[in-house]
Amino acid sequence: MADESSADLEGASVAVPRDARLQVLGEFWHYFSQNRGAVIGLVVFCLLIVMALFAPLIAPHSPDEQYRDFLLNPPAWEDGGNWRFPFGTDAVGRDMLSRLIFGARFSLAIGFIVVSLALSSGVLLGLLAGYFRGIVDVVIMRVMDVILAFPSLLLALVLVAILGPGLVNAMIAIAVVLQPHFARLTRAAVMGEKSREYVISARVAGASHLRLMLVTILPNCLAPLIVQATLSFSNAILEAAALGFLGMGAQPPTPEWGTMLAEAREFILRAWWVVTLPGLAILITVLAINLMGDGLRDALDPKLKRS
Amino acid sequence: MLKYILNRLLLVIPTFIGISILSFSFIRLLPGDPVDVLAGERSMSAARRLELLHVFGLDQPIWKQYLDYLWRALHGDLGTSLTTAHSITGEFLTLFPATVELSICATIFATIIGVFFGILAATHRGGWLDQLTMGTALVGYSMPIFWWGLLLIILFAAGLHWVPVSGRINLDFYFKPVTGFMLIDSVLSGQKGAFVSAVQHLILPTIVLGTIPLAVIARQTRSAMLEVLGEDYVRTARSKGLSNFRVTGIHAFRNALIPVVTTIGLQVGTLLAGAILTETIFSWPGIGKWMIDAIGHRDYTVVQGGLLLIAVIVMSVNLLVDVLYALINPRIRTR
């Protein structure tokens, strides 16, 4: 008898999710698409991804090729411009447009890698802290407090000083700095969910700690984490660019946007385009992601949804 | 509430210990031998190395080194700079007012404009004014401020010559620092034009450093106001026939203030991180530029000391914000 009913329940729980999941997705898209900014952000973000993926096909030149006869050539529409280099060239004659296109690869990769690192480690720590409480919680959260006591850029700079300048180390440093936000969010969400009935019933049914944490509780804490992930994505790009700008991130001749800005600083008065364009690229990317983030928050936040 | 504040105070201790361990480990985590790092000498004899090992206390067990470091740090002794041989605490104290001055100006700028536009957006919810303000705020929030600073320099300093490119005051003026705040010192000096010059030098850095806090404050003010404007007492105030200004400006805004003040307080970390970039761009002689220069020159004792001092400042301000929040917010006060 008992077996039968549990089999019934299981059958039901398999049948329901597919429909329910579609419905949830549909509802989510409904709210997300109502936010015009968010849709624009999404479109721009997708374009950037395409640009990054197909950079070698789209870019008119190699990002490292130096055209010695065209040093600091202005953009095509300016006096002395040349359609061979639509956005002009930099101080050693490299095509700006190509470098900007290849730069998208770095910024997006930085965002994805940093967020994956920060998200996975932060969620893990937050789960442990919120689930086990006690001494585990105290130790983890105090360490997070220490990380948060430092201005993020300063801590990232110091970590890079220890690890050595370079893009990989910069990403590790930024992930470390961003990770406490995920840990705090996860912990708070886990503590909220832990005493709910579905968790208790799963525990009574004999689910292991690991199953309870990862399968039962975690999926119900996702909404704030997704929003935080988008925010962190744009933060990661900004911080990596700042590190590059300060000479501690990607090293020249990498066409990373922040590094390009650092190289361009001395030409600020002579060639506006070498300074303006990389920064504009950073701004557009970060803005697109933040627009998406706002839309995601509105669509996922049940409190605002009702109003 | 006392319990809440005490609890919050107790939390400071583990955080401080963590901060001090991190700054203590910094020099020991750097690649290379700590003696080489600290001595900055190239090839030294074995005898000299041993001598230095003793001078720096590196021959002691690690826990003793840490306690020693902590003890000296608590007495304000963070060692000396490797490049200038000056006391690090002393250097910090001379440069800190410049950062504070800039941060205060940026906070005032961000608060006044941010709150104004936040209220404006909330009262015109959904209209073009709301969309324009919030769109601009999102652009500000997404701004790579080091680039923003360069753009402003190109436009207003190099192009239009309205303001100077860098520094705190025109080099024609010289006076001994009294308070360390250029705005006050320039007035005290009695030199004609000094104050104007100090103000001119402050304008661009203030805008650059204030941009992100401004955007955050505007967004926060808007959402806090929207929440409050829907409340019953606001409707009551309106139905009593109070003027629109009284309702939004006084009844609603006073209650929207709590989250806004908290947001302003929590921007301190952002401000100090922003100060690193802003000061570098404008050659502003504050602690942000000091830290960047120290990292660039491998002046690791300065980095270590600065790290500790800055973290302690951020921690203290966050503590202050939390306590103030508990004091103003009746929901915590009555607990």
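Not measured: the values here are computed from a predicted model.

Peer 1: Just give me the short version of the overall build of chain B, but keep the residues and values in it.
Peer 2: From N to C terminus, chain B includes 15 helices and zero strands. Looking at the 335 residues of chain B, the share that counts as buried comes to 40%. Sequence-distant contacts in chain B: of pairs separated by 6 or more residues, those separated by 24 or more amount to 71%.

Peer 1: Now, about the overall build of chain A: what can you tell me, with residues and values included?
Peer 2: When helices and strands are counted, chain A shows 13 helices and zero strands. N-terminal to C-terminal, the α/β element order of chain A is α-α-α-α-α-α-α-α-α-α-α-α-α. Evaluated residue by residue, chain A yields a buried proportion of 45% over its 307 residues. Of all intrachain contacts in chain A linking residues separated by at least 6 positions in sequence, the fraction that spans at least 24 positions is 69%.

Peer 1: Quick rundown of the interface of chain B and chain A? Include the residues and the values.
Peer 2: Taken residue by residue, the interface counts 37 residues in chain B and 34 residues in chain A. Listing elements by their share of the side of chain B that touches chain A, those giving two or more residues are helix H1 (2-29), helix H6 (128-141), helix H7 (145-159), helix H12 (268-282), helix H13 (287-296) and helix H14 (300-328) of chain B. Of the residues contributing to the side of chain B that touches chain A, the split by class is 32 nonpolar, five polar and no charged.

Peer 1: Describe helix H5 (residues 134-149) of chain A, listing the residues and the values that go with them.
Peer 2: Between its terminal C-alpha atoms H5(A) stretches 23 Å, which fits the 22 Å expected from 16 residues at 1.5 Å a residue. Considered for burial, the residues of H5(A) that qualify are A:Ile140, A:Met141, A:Met144, A:Asp145, A:Val146, A:Ile147, A:Leu148 and A:Ala149. The elements touched by buried residues of H5(A) are helix H4 (96-132), helix H6 (152-163) and helix H7 (167-194) of chain A together with H1 and H14 of chain B.

Peer 1: Describe the environment of A:Leu277, with residues and values.
Peer 2: Residues and elements named next belong to chain A. Structurally, the position occupied by Leu-277 is in helix H12 (residues 272-300). Look at Leu-277 and you get buried, because 23 C-beta atoms sit within 10 Å. It is 49 Å that separates the C-alpha atoms of Leu-277 and Arg-211, two residues lying 66 residues apart in sequence. Discounting residues that sit within four places of it in the chain, Leu-277 has contacts with Phe-87, Met-96 and Leu-100.

Peer 1: Lay out the nonpolar core with the relevant residues and their values.
Peer 2: Counting 171 residues, the largest nonpolar core has A:Leu154, A:Ala156, A:Leu157, A:Ile174 and B:Val303 as its most contacted members. Per-element accounting of this core gives the leading share, 19 residues, to H4(A). When neighbours within four sequence positions are excluded, A:Leu154 is seen to be in contact with B:Ala273, B:Ile276, B:Met291 and B:Ile310. One finds B:Ile169, B:Ala194, B:Phe195 and B:Leu202 within the second-largest nonpolar core, a separate group that totals six residues.

Peer 1: So what's going on with the confidence of the model for chain B? Residues and values would help.
Peer 2: Summing up the model confidence of chain B, the mean pLDDT is 84 and the portion of residues at 70 or higher is 97%. Taken together, the chains of this predicted complex give a pTM of 0.86 and an interface ipTM of 0.85.

Peer 1: Residue-level account of the environment of A:Glu78, with values.
Peer 2: All names here are of chain A. Turning to its location among the elements, Glu-78 is positioned in the loop between helix H3 (55-58) and H4. You can call Glu-78 exposed: it has 12 C-beta atoms within 10 Å. On a C-alpha basis, the gap between Glu-78 and Gly-88 in space is 9.2 Å, while along the polypeptide they are 10 residues apart.

Peer 1: With reference to specific residues and values, describe unusual backbone geometry.
Peer 2: With omega at 5°, the peptide bond leading from A:Pro252 into A:Pro253 counts as cis. Examined against the element boundaries, A:Pro253 turns out to sit in the loop between helix H10 (222-245) and helix H11 (257-264). Phi is positive for B:Ala85, which is not a glycine, with a value near 65°. Counting through the fold element by element, B:Ala85 comes out in the loop between helix H4 (62-74) and helix H5 (88-123). Classification of B:Ala85 as exposed rests on a count of 7 C-beta atoms within 10 Å. Backbone geometry at B:His161 places phi at a positive 55°, although glycine is not the residue there. Assignment of secondary structure puts B:His161 in the loop between H7 and helix H8 (182-189).

Peer 1: Could you give an account of the packing of H10(A) against H12(A), naming the residues involved and the relevant values?
Peer 2: Residues and elements named next belong to chain A. At a minimum axis separation of 9 Å, H10 and H12 run at an interaxial angle of 170°. Considering the angle they form, H10 stands roughly antiparallel to H12. Here Ala-223, Ile-226, Val-227, Thr-230, Leu-231, Phe-233, Ser-234, Ile-237, Leu-238 and Ala-241 of H10 lie close against H12, whose contacting residues are Ile-282, Thr-285, Val-286, Ile-289, Asn-290, Met-292, Gly-293, Leu-296, Arg-297 and Leu-300. For the contact of H10 with H12, the per-class residue count stands at 14 nonpolar, five polar and one charged.

Peer 1: Give a detailed account of the packing of H7(A) against H10(A), specifying residues and quantitative values.
Peer 2: Residue and element names in this part refer to chain A. At a minimum axis distance of 10 Å, the contact between H7 and H10 shows a crossing angle of 160°. Comparing the axis directions of H7 and H10 gives the class roughly antiparallel. For the element pair H7 and H10, the recorded crossing hand is right-handed. Counting all contacts with H7, which are made through Ala-170, Met-171, Ile-174, Leu-178, His-181, Phe-182, Leu-185, Thr-186 and Ala-189, the residues of H10 involved are Pro-224, Leu-225, Gln-228, Ser-232, Asn-235, Ala-236, Glu-239, Ala-240 and Leu-243. Taken together, the residues of the contact of H7 with H10 break down into 12 nonpolar, five polar and one charged.

Peer 1: Give me the environment of A:Asp95: which residues, what numbers.
Peer 2: Residues and elements named next belong to chain A. Assignment of secondary structure puts Asp-95 in the loop between H3 and H4. Linking Asp-95 and Pro-60, residues 35 residues apart in sequence, is a C-alpha distance of 8.3 Å. Once residues lying within four places of it in the same chain are set aside, the contact partners of Asp-95 are Pro-60, His-61, Phe-85 and Thr-89.

Procedures and definitions
Residues numbered from 1 in each chain as written. Chains lettered and ligands numbered in written order. Predicted model: local features only at pLDDT ≥ 70, side-chain atom pairs only at ≥ 80, totals over all residues. Helix = DSSP H or I, 4+ residues; strand = E, 2+ residues; numbered from the N terminus. Buried ≥ 20, exposed ≤ 12 C-beta atoms within 10 Å, placed from the backbone. Contact = placed C-beta atoms within 7 Å. Nonpolar A, V, L, I, M, F, W, Y, C, P; charged D, E, K, R; others polar. Expected span 1.5 Å × (residues − 1). Core = buried A, V, L, I, M, F, W, Y, C linked by C-beta atoms within 7 Å. pLDDT = per-residue confidence, 0-100. Axes fitted to C-alpha atoms, helices over the stretch in contact; angles between N-to-C directions. Parallel < 35°, antiparallel > 145°, perpendicular 65-115°, else oblique. Left-handed = near helix turned anticlockwise from the far one by under 90°.

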